[in-house]
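# Tertiary structure, described
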Amino acid sequence: MAKGANQKLKIMYLMKILLEQTDEDHSISMSEILSALNQYGITAERKSIYNDLESLRQFGMDIIGEHRDRMYYYHVGKRQFELAELKLLVDSVQSAKFITVKKSNELIKKIESLASRHEASQLQRQVYVANRIKTMNGSIYYNVDEIHGAIAANRQIRFQYFQWNVKKEMKLRRDGAYYQISPWALSWDDENYYLIAFDSAEGKIKHFRVDKMLRIESVKDRREGREQFKEFDMAVYARKMFGMYGGREENVKLCCENKLVGAIIDRFGKEVSIMKEDEQHFSVNVKVAVSNQFIHWVMALGAGAKIVGPESVVAEVKEEIARLEKQYK
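Now for a description of the structure that goes with this document. (Residues numbered from 1 in each chain as written. Predicted model: local features only at pLDDT ≥ 70, side-chain atom pairs only at ≥ 80, totals over all residues. Heavy atoms only, no water.)

## Re the overall build of the protein chain
Let me state the cut-off plainly: Here a helix means four or more residues in a row that DSSP labels H or I, a strand means two or more in a row labelled E, and each is numbered from the N terminus. Exposure classes here rest on a 1.4 Å probe applied to the protein chains alone. A residue is buried below 20% of its type maximum, exposed above 50%, and partly exposed in between. Any two residues whose heavy atoms approach within 4.5 Å are treated as being in contact. Shrake-Rupley sampling with a 1.4 Å probe provides the accessible areas, and residues are treated as covered by the protein chains on show and by no other component.
In terms of regular secondary structure, the protein chain is built from 12 helices and 13 strands. Taken across its 329 residues, the protein chain has 41% of its residues classed as buried. Put simply, of all contacts in the protein chain between residues at least 6 apart along the chain, 66% involve residues at least 24 apart. Carbon together with sulfur atoms contributes 49% to the accessible area of the protein chain, which is approximately 19,800 Å² in total.

## What about the pattern of salt bridges?
This is how the line gets drawn: What makes a salt bridge here is a side-chain nitrogen of Lys or Arg within 4 Å of a carboxyl oxygen of Asp or Glu, nothing more.
Going through the model one piece at a time under the given rule, you end up with 16 salt bridges. Among the ionic pairs, Lys 16 bridges to Glu 20, the shortest N-O distance being 2.8 Å. With Lys 16 and Glu 20 both in helix 1 (residues 10-21) and four residues apart, this pair spans about one turn of that helix. Note that Arg 68 and Glu 66 form a salt bridge whose closest N and O atoms lie 3.3 Å from each other. Salt bridges sharing common partners tie together Asp 199, Glu 202, Lys 204 and Lys 206.

## A look at the sheet that holds strand 1 (residues 28-29)
Heads up, the condition is: By definition, two strands form a pair when at least two bridges between them are found by DSSP.
In space, the three strands of this open sheet follow the order 1-3-2, with antiparallel pairing throughout. Every interior strand has two partners, whereas the edge strands, strand 1 and strand 2 (63-68), have only one. Across two bridges, strand 1 lies against strand 3 (residues 71-76) in antiparallel orientation. Opposite Ile 28, over in strand 3, you have Tyr 74 as the bridge partner.

## Topic: the environment of Tyr 141
Mapped onto the secondary structure, Tyr 141 falls in helix 7 (residues 140-153). Relative accessible area serves as the criterion here: at 37%, Tyr 141 is assigned to the partly exposed category. As for Tyr 141 and Val 210, which are separated by 69 residues in sequence, their C-alpha atoms are 9.4 Å apart. Beyond its immediate stretch of four places on either side in the chain, Tyr 141 contacts Lys 103 and Leu 107.

## Some remarks on the sheet that holds strand 12 (residues 281-289)
Threshold: Interaxial angle, 0 to 180 degrees, is taken between N-to-C directions of lines fitted to C-alpha atoms, where a helix line uses only the stretch in contact.
Spatially, four strands are ordered 11-12-10-13 in an open sheet, and the strand pairing comes out antiparallel. Pairing within the sheet leaves two strands with one partner each, and these edge strands are strand 11 (274-276) and strand 13 (305-309). Each neighbouring strand pair of the sheet contributes to a mean axis angle of 35°, computed without reference to strand direction. Both strand 11 and strand 12 contribute to a ladder of three bridges, which runs antiparallel. What sits directly across from Lys 276, in strand 12, is Phe 282. Along the sheet, helix 12 (residues 311-328) contacts strand 10 (249-257) and strand 13; its crossing angle with strand 13, the most-contacted strand, is approximately 135°.

The structure is reproduced here in structure tokens:
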């Protein structure tokens, strides 16, 4: 590119240089700015750079000038994202099981571009994606976008749903027949992305793992289930489901040792009503979808937790204990 061909873009390249090369711990001198601009084929006088810096400040950039050793140094102060916030975003992307390794690395690279190159190196040092358990369905990124589009357009969607077999092969459920449901919400639970939807054929709310959905497309039919979702609370729904496994809803009473109060609050929230039983125990009544996953969650709390009612759920616990005893006898 001929020298000076980028002159009209001088202020844009100046902003690029400041964002990429400076932060609160790294500054750049006027001579270094001029040299960096020269690498983009731009010549400039100091006076014009002073004017450009002031224009960028008026635009909203936090450009700080400091006088050190008889010279002025410049750096970008406050940015749209702080380094701690970017680290949090990187942690979220690399730990998200529903994002493939390839897409995780692509997203992290984009997050790095929001920092200076010096700060980006700190983000790179905390990236551990390669050996994490990640989805193998590369289309999930676009599945989510398609679902959001259908929700915004008030349309139903159709898709195929699969499960893994022992040969590690995708096996379509319903022999490949399409599901058609009304999408209402998306939830990230237990390290997976779930679609919460209304199934008109069965007249009830269901959830589906988004990474197990294939060939999603919107259809012309309007969504149904508005009444069911009128007072739907995603947080309440997620608390009732254990590992997002469904089951009949029951008000279950638990009796626990006081040391387990933290585990109960973590699972059911601070709003849960805790009743004192004696000096060492408390009880709670919680509404849950009763399933083996729920029963085993309580068992995992150890001897300090016990399901005491209703009797039908206690009977299920006893059946599960008998099954385990027979299985491992």
